[in-house]
Amino acid sequence: MKAGTFIEPRKIVLGDYPMPKLESENDAILKIIRSSVCGSDLWWFRGITQIDANSLTGHEALGIVEKTGKNVNNIHPGDFVIVPFTHGCGKCAACLAGFDGNCLNKGNFKNGGYQAEYLNFHNADWALVKIPGKPTDYSDDQLNDFLALADVMATGYHAAASAEVTPGDTIVVLGDGAVGLCGIIAAKLRGAKRIIAMSRHRDRQKLAIEFGATDIVPERGREAVQRVMSLTNHNGVDAILECVGTNQSIQTALAIGRPGAIVGRVGVPHNSDVDTSAMFWKNIGIRGGTASVTTYDREILLDAVLNGKIHPGRVFTKSFKLDQIQEAYEAMDRREAIKSLLLVDDINSN
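Now for a quick tour of the structure. Please read these numbers as outputs of a predicted model, since none were measured by experiment. All chains use their own residue numbering, which begins from 1 and follows the written sequence. For a predicted model such as this one, the threshold for reporting local features is a pLDDT of at least 70, and the threshold for listing and counting side-chain atom pairs is 80 or more; totals across whole chains, interfaces and linings nevertheless cover every residue. To obtain the side-chain values, all non-hydrogen atoms of the structure were used and water was disregarded.

1. Focus on the sheet that holds strand 4 (residues 55–56)
Here is step 1 of the chain: Pairing in this open sheet of three strands is antiparallel, and the strands run 2-1-4 from one edge to the other. Where the open sheet ends on each side, the last strands, each with one partner, are strand 2 (11–16) and strand 4.
Here is step 2 of the chain: Two strands qualify as a pair provided that DSSP identifies no fewer than 2 bridges between them. Each helix is a run of H or I in the DSSP string that is no shorter than four residues. Each strand is a run of E no shorter than two, and both are numbered from the N terminus. When strand 1 (residues 2–8) meets strand 2, the two strands line up antiparallel, connected through six bridges. Residue pairing across strands places Phe6 opposite Ile12, the latter belonging to strand 2.

What follows is the structure in structure tokens.
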């Protein structure tokens with residue numbers, strides 16, 4: 001089979017590998033039909049963070065179940081599934097509390113390899129999310145909506161849920177990548193009345209407004225804080241969705257919250273030593289981390305997509321075949337694509 005492989009910073013190739021085999025009785029073999037490039041992948045693509053050479057790439061996909069282990073009873077061959085980057089068991093303390101992104105039963109399983117023709121998926125019985133019917137029952141746009149539920153839409157929702165966004169709130173979304181844009185969808189879904197999106201890029205500003213943003217703030221740093229405070233009569237906002245992970249983003253989030261506000265933090269931390277004094281003097285809290293993908297998909301997001309209530313797949317602004325994986329990464333690196341879609345299998349030709 002073919003699979004995306006990291007060689008060195010800014011170099012991804014499509015390598016040849018043996019077909020995956022079940023590694024445990026809790027696993028399933030999946031045929032991948034669509035995958036994508038995540039903004040977090042760019043950190044190692046650019047050489048900012050380190051991963052081992054020859055690592056398999058990707059952590060979000062749609063697939064068809066090919067084979068299951070003996071302990072997999074809820075998922076069967078032929079099922080059409082969302083393939084989350086999380087691998088919750090559904091039984092441990094973390095999963096039972098609704099935090100399957102922090103499942104305590106992952107063991108030494110290494111996540112990755114979703115940008116491939118086939119994948120061995122751990123904890124398949126609970127973590128995979130079944131979609132009714134088969135891929136050919138849906139349009140391309142609907143398939144993209146489902147694919148967004150494997151990561152970015154659930155992560156954006158986790159930011160809003162962690163920030164405890166409630167109806168009538170005024171909120172800010174920091175970050176105009178796919179996660180930040182999905183955070184806007186999530187905030188609107190949870191009833192936010194005013195959604196301030198921080199963005200400097202016209203294509204992302206346009207999509208942010210279409211998703212529900214009411215205000216756009218292009219400034220950064222101190223100027224951004226001043227602008228948000230002026231928009232809120234110097235009260236600050238009720239909740240902040242932090243979808244970047246940098247020190248500046250966190251410090252901005254703490255500065256623009258009203259007393260008692262909560263920051264929903266889902267941006268992967270990078271050199272972000274946080275000065276917590278603002279949290280103390282303004283009674284501001286920070287929550288967040290790895291998204292509970294399976295939980296959110298099952299409880300809220302899959303139905304919202306099936307009912308046409310949300311369309312997160314619009315964050316995929318360029319599509320590529322699997323053998324164009326290098327171009328897919330480069331398009332996101334150069335901001336030519338908000339999020340790159342990888343068409344792994346042409347379902348209409350089967």
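Now that the structure is up, let's keep going.
2. Focus on the pairing of strand 16 (residues 339–343)
Here is step 1 of the chain: Relative accessibility decides the category of a residue: with a 1.4 Å probe and only protein chains considered, values under 20% of the type maximum give buried, values over 50% give exposed, and everything between is partly exposed. Extensive coverage of strand 16 is indicated by the burial of four of its five residues.
Here is step 2 of the chain: Pairing analysis gives three bridges linking strand 3 (residues 28–36) to strand 16, with the strands arranged antiparallel. If you follow Arg34 over to strand 16, its bridge partner there is Leu343.
Here is step 3 of the chain: Pairing between strand 15 (residues 316–321) and strand 16: five bridges, direction parallel. Bridging across to strand 16, Phe316 finds its partner in Lys339.

3. Section: the pairing of strand 10 (residues 194–198)
Here is step 1 of the chain: In terms of residue burial, strand 10 counts as a mostly covered element, since four of its five residues are buried.
Here is step 2 of the chain: Both strand 9 (residues 170–174) and strand 10 contribute to a ladder of five bridges, which runs parallel. When the bridges of strand 10 are listed, Ile171 appears paired with Ile195.
Here is step 3 of the chain: The definition of a right-handed crossover adopted here requires that, viewed with the strands pointing away, the path from the first strand over the helix to the second runs clockwise. Handedness of the strand 9-helix 6 (residues 178–189)-strand 10 crossover: right-handed.
Here is step 4 of the chain: Between the parallel pair strand 10 and strand 11 (residues 215–217), the chain is carried across by helix 7 (residues 202–211), and the sense of this crossover is right-handed.

4. Thoughts on the packing of aromatic side chains
Describing an aromatic ring pair means giving the distance of the ring centres and the angle of the ring planes.
Here is step 1 of the chain: By convention, a stacked pair of Phe, Tyr or Trp rings (six-membered ring in the case of Trp) has centres within 6.5 Å and planes under 30 degrees apart, an edge-to-face pair has planes over 60 apart, and any other such pair is tilted. Enumeration over the complete set of coordinates arrives at eight aromatic pairs.
Here is step 2 of the chain: Pairing Trp44 with Tyr329 gives two aromatic rings, centres 5.6 Å apart and planes at 50 degrees, and the pair type is tilted. Taken together, the residues Trp44 in helix 1 (residues 41–45) and Tyr329 in helix 12 (residues 325–333) connect sequence positions 285 residues apart.
Here is step 3 of the chain: Here the aromatic rings of Phe80 and Tyr138 are separated by 6.3 Å at their centres, their planes lie at 40 degrees, and the arrangement is tilted. With a gap of 58 residues between them, Phe80 in strand 6 (residues 80–83) and Tyr138 in the loop between strand 8 (129–131) and helix 4 (140–148) connect regions that are remote in the sequence. No difference in accessibility class separates Phe80 from Tyr138, as the two residues are buried.
Here is step 4 of the chain: Three or more aromatic residues joined by ring pairs make a cluster, and in this case those are Phe6, Trp44, Phe45 and Tyr329.
Here is step 5 of the chain: The rule for a charge over a ring is simple: NZ of Lys or CZ of Arg within 6 Å of the ring centre, and within 35 degrees of the ring normal. Arg298 extends its terminal NZ or CZ atom over the ring of Trp126, reaching a point 4.9 Å from the ring centre.

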